[in-house]
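For reference, the chains in residue letters:
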Amino acid sequence: MASERSAAAVIPPISHPRRSSVGSWPLIDRTGFVLCWLTGIGLCLIAGGIVLYMLLKGVAYLRLSEFVQSPSPSLHQTQSGGFSDPILGTLLVTAIGIAIAAPVGVALAAWLSEYSRPAWLARAVESGLEMIAGVPSVVLAIFGLLVFSEGFLGFLSTKAFNGTVTGQSFVTAGVVMSVLALPLIVASTREALAQLPDRLREASYALGKTRATTTRRVLLPAIRPSIASGVVLGMGRIIGDTAIITLILGATLKNESADGTPLLGALRGTGSTLTSYVFNNSPAGEGNSHEKAYAAAFVLLMIVLALNALVTRLTNGRRARSADRGWRARTRALVAWTR
Amino acid sequence: MPPPVRRITLEREPYVAPPRAAGATAQAPANGRLRAVRAPSTQVRQRMAIEGVWLAYGENWVVRDVSLPVRQGEVLALIGASGSGKTTLLRSLNRLTEVTAGAARSGRVSLDGEEIHELEVNALRRRVSMVFQQPNPFPMSIYDNVAYALVESPRHGGRRRRRTPELELAVADALRRAGLYDEVASDLERSALRLSGGQQQRLCIARALAAEPEVLLLDEPCSALDPISTATIEKLIVELRETVAIVIVTHNLQQAFRVADHVAFMHLGELVEYGSSEQVFDRPSQQRTRDYVSGAFG
Ligand SMILES: Nc1ncnc2c1ncn2[C@@H]1O[C@H](COP(=O)(O)OP(=O)(O)O)[C@@H](O)[C@H]1O
Ligand SMILES: [Mg+2]
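Here the structure is a predicted model, which is why all the values come from computation and not from measurement.

Let's talk about the overall build of chain A
Next, step 1: Within chain A one finds 15 helices and 0 strands.
Next, step 2: Taking 339 residues into account, the globule formula puts the C-alpha radius of gyration at 20 Å, and chain A, at 26 Å, lies well above it.
Next, step 3: Each principal axis of the C-alpha distribution contributes one length, and for chain A these read about 100 × 60 × 55 Å.
Next, step 4: For chain A, the proportion of its 339 residues judged to be buried stands at 37%.
Next, step 5: Surface exposure of chain A reaches about 19400 Å², of which carbon and sulfur atoms provide 67%.
Next, step 6: Of the charged side chains in chain A, 30 are positive and 17 negative; the average position of the first set lies 10 Å away from that of the second.

Describing the site of ligand 1
Residues and elements named next belong to chain B.
Next, step 1: Near ligand 1 the following residues occur: Tyr 57, Val 62, Ala 81, Ser 82, Gly 83, Ser 84, Gly 85, Lys 86, Thr 87, Thr 88 and Thr 100.
Next, step 2: A distance of 2.7 Å is found between an oxygen atom of ligand 1 and a backbone nitrogen or oxygen belonging to Gly 83.
Next, step 3: Here an oxygen atom of ligand 1 sits 2.8 Å away from a polar atom, N or O, in the side chain of Lys 86.
Next, step 4: For ligand 1, whose accessible area on its own is 560 Å², the fraction buried by protein is 59%.
Next, step 5: Here the shell around ligand 1 takes 3 residues from helix H1 (residues 86-93), the largest share from any one element.

Concerning the packing of helix H4 (residues 165-177) of chain B against helix H6 (residues 197-210) of chain B
Residues and elements named next belong to chain B.
Next, step 1: Closest axis-to-axis distance for the H4/H6 pair is 8 Å, and the angle between their directions is 125°. Considered as vectors, H4 and H6 are oriented oblique to each other. Crossing handedness for the pair H4 and H6: right-handed. Across the interface between the two elements, Ala 174, Leu 175 and Arg 177 from H4 touch Leu 203, Ala 206, Leu 209 and Ala 210 from H6.

Quick look at the packing of aromatic side chains
Describing an aromatic ring pair means giving the distance of the ring centres and the angle of the ring planes.
Next, step 1: For the structure on display, the rule yields 9 aromatic pairs over all chains.
Next, step 2: Ring geometry for Tyr 53 of chain A against Tyr 294 of chain A: centres 6.3 Å apart, planes inclined by 85°, an arrangement best described as edge-to-face. With Tyr 53 of chain A in helix H2 (residues 27-61) and Tyr 294 of chain A in helix H13 (residues 290-316), this pair connects stretches of sequence that are 241 residues apart.
Next, step 3: Tyr 53 of chain A gets classed as partly exposed once you look at its relative accessible area, which sits at 43%.
Next, step 4: Relative to Trp 61 of chain B, the ring of Trp 54 of chain B lies with its centre 5.9 Å away and its plane at 90°, an arrangement referred to as edge-to-face.
Next, step 5: In this structure Trp 54 of chain B comes out as buried when scored by relative accessible area, which is 3%.
Next, step 6: Feature note: the residues Tyr 53, Tyr 61 and Tyr 294 of chain A constitute an aromatic cluster, connected by ring pairs.

Overview of the interface of chain A and chain B
Next, step 1: In this complex, chain A contributes 17 residues to the contact, which on the side of chain B involves 26 residues.
Next, step 2: Taken together, both faces of the contact between chain A and chain B bury some 2000 Å²; the carbon and sulfur share is 54%.
Next, step 3: In this assembly, chain A and chain B are joined by 1 salt bridge.
Next, step 4: In this structure, the salt-bridge partner of Arg 91 of chain B is Glu 202 of chain A, at a minimum N-O distance of 2.9 Å.
Next, step 5: When contributions to the side of chain A that touches chain B are tallied by element, the ones reaching two or more residues are helix H7 (198-205) and helix H8 (211-222) of chain A.
Next, step 6: Broken down by class, the residue content of the side of chain A that touches chain B amounts to 7 nonpolar, 5 polar and 5 charged.

A look at the packing of helix H4 (residues 119-134) of chain A against helix H6 (residues 170-195) of chain A
Residues and elements named next belong to chain A.
Next, step 1: H6 packs onto H4 with a crossing angle of 125° between their chain directions and a minimal axis gap of 9 Å. As far as their axial angle goes, H6 and H4 are oblique. Here H4 and H6 pass one another in a crossing that is left-handed. Residues Glu 126, Leu 129, Ile 132 and Ala 133 of H4 pack against Val 179, Leu 182, Pro 183, Val 186 and Arg 190 of H6.
Next, step 2: A class-by-class count of the residues in the contact of H4 with H6 yields 7 nonpolar, no polar and 2 charged.

With respect to the nonpolar core
Most often, soluble globular proteins keep nonpolar side chains buried together rather than apart.
Next, step 1: Ranked by internal contacts, the top residues of the largest apolar core, which has 100 residues, are Leu 175 and Leu 216 of chain B.
Next, step 2: At 12 residues, the largest contribution of residues to this core is made by H6 of chain A.

Quick word on the pairing of strand S10 (residues 270-276) of chain B
Residue and element names in this part refer to chain B.
Next, step 1: Burial runs high along S10: 5 of the 7 residues are buried.
Next, step 2: When strand S9 (residues 262-267) meets S10, the two strands line up antiparallel, connected through 6 bridges. Bridging from a neighbouring strand, Val 263 pairs with Gly 275 of S10.
Next, step 3: Linking S9 back to S10 in an antiparallel pair, the connection comprises 2 residues, with Leu 268 at a positive phi of about 50°.

A few points about the confidence of the model for chain A
Next, step 1: When the pLDDT values of chain A are averaged, the result is 86; 91% of them are 70 or greater.
Next, step 2: Note on residues 319-328 of chain A: pLDDT is under 50 here. Beyond four places in sequence and across chains, it has 6 contacts.

Remarks on the environment of Thr 242 of chain A
Residues and elements named next belong to chain A.
Next, step 1: By the secondary structure assignment, Thr 242 is in the loop between helix H9 (224-240) and helix H10 (243-249).
Next, step 2: For Thr 242, a relative accessible area of 26% translates into the label partly exposed.
Next, step 3: Residues Thr 242 and Thr 273, spaced 31 residues apart in sequence, show a C-alpha to C-alpha distance of 8.4 Å.

Brief notes about H6 of chain A
Residue and element names in this part refer to chain A.
Next, step 1: Across its 26 residues, H6 extends 37 Å between first and last C-alpha, which sits within 8% of the 38 Å expected from 1.5 Å per residue.
Next, step 2: The largest bend along H6 measures about 40° and falls at Ala 181, with the proline Pro 183 one to four residues further on.
Next, step 3: By the N-cap criterion, in which a side-chain oxygen at the helix start approaches the backbone nitrogen of a residue two or three places on, H6 is capped by Ser 169, the distance to Val 171 being 3.2 Å.

Examining unusual backbone geometry
Next, step 1: The omega angle of the peptide bond from Arg 117 of chain A to Pro 118 of chain A is -5°, so this bond is cis rather than trans.
Next, step 2: With respect to the element layout, Pro 118 of chain A can be found in the loop between helix H3 (84-115) and H4.
Next, step 3: If you check the backbone angles, Asp 112 of chain B has positive phi at about 50° while not being a glycine.
Next, step 4: Checked against the element boundaries, Asp 112 of chain B lands in the loop between strand S4 (103-111) and strand S5 (114-115).
Next, step 5: Of the residues examined, Asp 112 of chain B reaches a relative accessible area of 36% and is grouped as partly exposed.

Structural notes on the pattern of salt bridges
Residues and elements named next belong to chain B.
Next, step 1: Within this structure, the stated rule accounts for 16 salt bridges over all chains.
Next, step 2: The closest approach of N and O atoms between Glu 214 and Arg 127, which form a salt bridge, is 3.0 Å. Residue Glu 214 is found in the loop between H6 and strand S7 (215-219), and its partner Arg 127 is found in helix H2 (residues 121-127); the two are separated by 87 residues along the sequence. Judged on exposure class, the residue Glu 214 and its partner Arg 127 are both buried.
Next, step 3: In this structure, Glu 183 engages Arg 202 in a salt bridge whose closest nitrogen and oxygen atoms are separated by 2.8 Å. You can see Glu 183 sitting in helix H5 (residues 181-184) and its partner Arg 202 sitting in helix H6, a full 19 residues away along the chain.
Next, step 4: Salt bridges sharing common partners tie together Arg 47, Asp 112, Arg 127 and Glu 214.

What counts and what doesn't
- Residues numbered from 1 in each chain as written.
- Chains lettered and ligands numbered in written order.
- Predicted model: local features only at pLDDT ≥ 70, side-chain atom pairs only at ≥ 80, totals over all residues.
- Heavy atoms only, no water.
- Helix = DSSP H or I, 4+ residues; strand = E, 2+ residues; numbered from the N terminus.
- Rg over C-alpha atoms; globule rule 2.2 N^0.38 Å.
- Buried < 20%, exposed > 50% of the residue type's maximum accessible area, 1.4 Å probe, protein only.
- Areas by Shrake-Rupley, 256 points an atom, 1.4 Å probe, with all protein chains shown as cover.
- Lys, Arg positive; Asp, Glu negative; His and termini not counted.
- Charge placed at Lys NZ, Arg CZ, Asp CG, Glu CD.
- Near = heavy atom within 4 Å.
- Polar contact = N/O pair within 3.5 Å; in protein donor to acceptor, adjacent residues only side chain to side chain.
- Axes fitted to C-alpha atoms, helices over the stretch in contact; angles between N-to-C directions.
- Parallel < 35°, antiparallel > 145°, perpendicular 65-115°, else oblique.
- Left-handed = near helix turned anticlockwise from the far one by under 90°.
- Contact = heavy atoms within 4.5 Å.
- Phe/Tyr/Trp six-rings, centres within 6.5 Å; stacked < 30°, edge-to-face > 60°.
- Buried area = accessible area lost by both parts, 1.4 Å probe.
- Salt bridge = Lys/Arg side-chain N within 4 Å of Asp/Glu carboxyl O.
- Nonpolar A, V, L, I, M, F, W, Y, C, P; charged D, E, K, R; others polar.
- Core = buried A, V, L, I, M, F, W, Y, C linked by side-chain atoms within 4.5 Å.
- Pairing = 2+ DSSP bridges.
- pLDDT = per-residue confidence, 0-100.
- Expected span 1.5 Å × (residues − 1).
- Bend = angle between axes of the 7 residues up to and from the residue.

If you want it as C-alpha cells, here you go:
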C-alpha cells in the first residue's frame, strides 16, 4: 500500500533555503567571525593539550605505589617516596571545608531567597558574599592566619616550639577553605530556589505550613541536585587552591600530628595537599622530584575533571535521574559515564 | 476607597419571574443539564461569612463589596468571566492573598463567628484548605505528599516521624476520600509527578483533606482535566459537602449546575447575583446573569 503509493508519486527534490553567506558581511564582521573561530579552535587545542600532556607525563611517571607511600625527604626521585600524605590531606581539607560550607551556604541561600528580612541585612549579606567570591585566596589565607593565631583559638592549631600559636592546622585550613566554597554553594542554591514556581510554595502555605517548614521540607529537597552541584563546585575550588594550603596548612612534606594523638592530633596538625605537593616538587619549587610532581598533577587533574563531569551530570541529568532506578540502569549510566 | 456599590441582600426570597411578553423568554438554562439526583444534605450549617469584602492589589480594587455565606452541607459555586475576581476572593478566605505583596482587604470575613484576621494564620489555613487550578503536587512520593500535610502539625502532636501506623492509616484514609487510593495503593512510594493530571489533582485534594479542614476552597479544580477525571472529582465534591463546607470556582456552567447548591455570579469584581443553583440558572433576576448563563458573553 505504502509502496504502491510511493511508486506512483514522484517525490520532488528537497529544496533547501539559501544560507546567508559570510562573504556578504561587512569587513569588520567578517574579521570578528574569523577571530571567533580561531579563538574557539585555540581554546580546544589548549584544553586538549593540557589533558594530553598531563596524560603522557602522568602515565609515564605514575606508579601505584605512590598512592600508598608517604613522601620522604631525598634529593633522588627514586627515594622520595609517594604522595599518600598529600592525597589524604586533600581529602581531609575538602571534607572539613565542605562540612562547614554546605550547611551554612544552604541556610544562607534559603534565608536570602525565602525571607531576606530585614532588607538591609539581606543586602549586606549579598555584598559580603560578592566580596568573598572576588577576594584572592591568598588574602583569605593571610586573614585566616591572623585570626587563628590569636591565643584563645590556639586549641585549633599547632603550637610552635616556643609555645606561640601558629594558627596552622587542618581544622583552620578547612575553615578558611569553607569561606572559599561558600559563595559557590550559596549561588547555585539561590538560583535553584528562585526557579521553583510559586505554586509549590502556595501549595504548602495552603496546608498551614510555615515558611520555615516549607523551605525545609519542600523547597530544599526539590533542589537537591542543584545543591549537590554547588557542593561539587565548591569541592573543586577547595581542591585546586594552593595559597591557603601553603599559608595555613603549612605545606609540610608529611602530615604531622600536633601532639601525637591519632585523630584530634592529626586534625590540629599540619600537612600538605596535592596542590602544594605539586608546587613544592615542581621545577619552580624547592623539591627535586619533577616526575613525582607530574604524576601528582595528573592525579589532581583527574580528580577535578571527574568533579566537573559530576556537576554536568547533576545539572543536566535531573530529568533523566528519576528514571535511573535499579542497578541495571545505574550500571548502564556508570558505563556511559566512564566512556 | 471607591464609593460603595449596591449591596446584595442574603437569604432573599425565591425569585419569582415576572410575567413576560411572549418572545422575550429568557434563554434556556445551562445546556445539557443532567444533574445527578442526590439526597439533600441532612444538615446545613453556616461556617464562614463574607461581609462587605473589598479586595485590592495595590490601588486596584478587584473585588468590590461582596457578601456571601459559606455553609457546611452545601456547595457554593462562584461563576463569572475571567478577571472577575473569583480567585482573589477565594484566596482571601484562607488569607493566601497575604502572600502577594500589595494585596489588601477591607470588610469582614469570619469563620464560625471569628474574624479570620484575628486567627493565627497557619491554624486558619489548616481549617480552610485550598486546591489550586493547576495540580501542584510536591516533588516527592505520593505517600509523602499526603503525610506532609499531617506531620509536624499541632493536631498530630508536632511529631516529625513520617512512618507511624496512625500516619499510614490517615494517609490511606485521605487518599480513599479523594477517590485515588485504589489507583495508587500498589506503590505509594512512586513520585507524585509521574501521576496523570487527574490523579495529581485528586492527590492535591487528598492532601488538602488529610488535615481534616472545615472548609475546602477549590479554584477551577477541573480546568486542566479530562472529562472522566472531572466526573470523578465532581462526584467527590458532592459527597464531601456533608462534612466540609465547599466553595468551588468554576468556568464551567454545567459543572456549577451539577455540583452546586448555591451559585454566586461575579462580574468585574461585583457580586451580581446569589441564589440557589436552580434559581440562578433557571430564573436569573439580573440581565447580566441571564446573558452569562445563556452564554452571551464570558
Ligand atoms: N497577583 C496579582 N497582582 C495584581 N493584580 C492581580 C493579581 N492577581 C490577579 N490580579 C488582577 O485581579 C483581577 C481579578 O483576578 P482573579 O481573581 O484571578 O480573577 P478570576 O479568578 O475571576 O479570573 C484581574 O484583573 C487580575 O488582573
Ligand atoms: Mg481564576
